[in-house]
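Examination of the molecular architecture
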Amino acid sequence: MNKKILITGSSGFLGEELVNFFSTDYKILALDKETPIFFDSNSVNIIKFVCDIRDKEKLEKIFKNNKIDIIIHCAAEILDEKDPNEVWKTNYDGTKNLLDFAEIHNVSKFIFTSTFSIFEKNYDSPIDEKEPSSAIVDYGKSKYAAENLILSHTYKGDVVIFRCPVVIGKKRLDKLALLFEMVRQKTNIWLIGDGSNKIHFIYSLDLLKAINLSLALDGKNLFNIGSDNVNSIREVFQKLLNHANSKKKIKNFPKFFGLLALKILNILHLVSLGPYHQRMLVSNCVLNTDRIKKKINWQPKYTNEQMLIECYDYYLATLKKEKENSSSKKLPNLNIIKLLKIFNF
């Protein structure tokens, strides 16, 4: 109970889950630039800080006044951020600030949640940790730069970097709600292209388990992480429809016209799917996870299908509850559902 973990981005979806998970056995410093949220876990072990990781002065006070043993760094500017400079200031400069103070104050371990968004082309086979980045958007570029910064920094503590695919969890509504509403309102699910592409997911509970296991690691470590037995998007969505006893079908837009329609709908703010998400929807991106399985004896429990089904059931069970205020828990614009019902045949 003596050890302290600083968790950045603590008001976000993953940060909240990390705080709730680790606060049973550790003292948690929950840091976020937004107003602190209410955590489900033991509040006695949680100290909340409102601080932007770009703010060196505030960060320095937090490090000086608290003996931090471990940092789990999740804070990031996301794909929807309009200003590339802000993305780099947070994802790269903010990470450097944390590393600099971690070095000065002898923090023993630095854990970083990176992303498979550093890969933005179509991959015919699973991607291992040696594959160079193909990032196009600044989010992926800045996260890859932050990885390299962490691995080359003079910080002497242990380092673990997790390259995460799409993180799925019960409270994450920002993109899942659109899919779940199509299923709930019994509309056809429309895919761009034939839906044969594979997109990797990781369930938050599996990720938490891996992060916990990684606390025992020494040295500098870089891991891909994700579910096993990744099927095509068409197969995954069909399993969800079957679970919901829906008779609706999965239908296809030709790739060119589908992407054009998505661009128009995004401009009209009927969907929140920017250029990165548009590319991801028609590409293969599956990570090779052999290294992490061998190194820490980690195995994922949930397949893509299982995690979506569990989250869909939770979504239905909590639909009438007031939604929380973090960006990952806000319902997206669902007006597109009305448009899709026109083609519901």
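Calculation notes
Residues numbered from 1 in each chain as written. Predicted model: local features only at pLDDT ≥ 70, side-chain atom pairs only at ≥ 80, totals over all residues. Heavy atoms only, no water. Helix = DSSP H or I, 4+ residues; strand = E, 2+ residues; numbered from the N terminus. Buried < 20%, exposed > 50% of the residue type's maximum accessible area, 1.4 Å probe, protein only. Contact = heavy atoms within 4.5 Å. Axes fitted to C-alpha atoms, helices over the stretch in contact; angles between N-to-C directions. Parallel < 35°, antiparallel > 145°, perpendicular 65-115°, else oblique. Nonpolar A, V, L, I, M, F, W, Y, C, P; charged D, E, K, R; others polar. Disulfide = S-S within 2.5 Å. Core = buried A, V, L, I, M, F, W, Y, C linked by side-chain atoms within 4.5 Å.

Below, the discussion takes up the environment of Leu281. Looking at the secondary structure, you find Leu281 in the loop between α9 (275-280) and α10 (290-296). We classify Leu281 as partly exposed; its relative accessible area is 32%. Separated by 97 residues in sequence, Leu281 and Arg184 have C-alpha atoms that sit 21 Å apart. Sequence-distant contacts of Leu281, defined by excluding residues within four places in its chain, comprise Ile192, Asn197, Ile199, Leu262 and Leu273.

Helix α11 (residues 304-317) packs onto helix α5 (residues 176-184) with a crossing angle of 75° between their chain directions and a minimal axis gap of 11 Å. Comparing their axes, α11 and α5 come out roughly perpendicular. Across the interface between the two elements, Leu176, Ala177, Leu179, Phe180, Glu181, Val183 and Arg184 from α5 touch Leu308, Cys311, Tyr312, Tyr315 and Leu316 from α11. In terms of residue class, the contact of α5 with α11 is built from ten nonpolar, no polar and two charged.

This part is about the state of the cysteines. Applying the stated criterion across every chain, the model contains zero disulfides. No disulfide involves Cys74; its sulfur sits 8.2 Å from the nearest other cysteine sulfur, which is in Cys164. We classify Cys74 as buried; its relative accessible area is 15%. Cys164 supplies the cysteine sulfur nearest to Cys311, a cysteine that is in no disulfide, at a spacing of 16 Å. Assessed through its relative accessible area of 1%, Cys311 is described here as buried.

In terms of nonpolar packing, the biggest core is built from 47 residues, with Phe116, Phe119, Leu179, Phe180, Ile189, Phe237 and Leu308 touching the most fellow members. Listed by contribution, the elements that provide at least two residues to this core are α5, β8 (189-192), β9 (201-203), α7 (233-243), α8 (255-267), α9, α11 and α12 (336-342). By size, the runner-up hydrophobic cluster in this structure holds 33 residues, among which are Val19, Phe162, Ile211 and Leu215.

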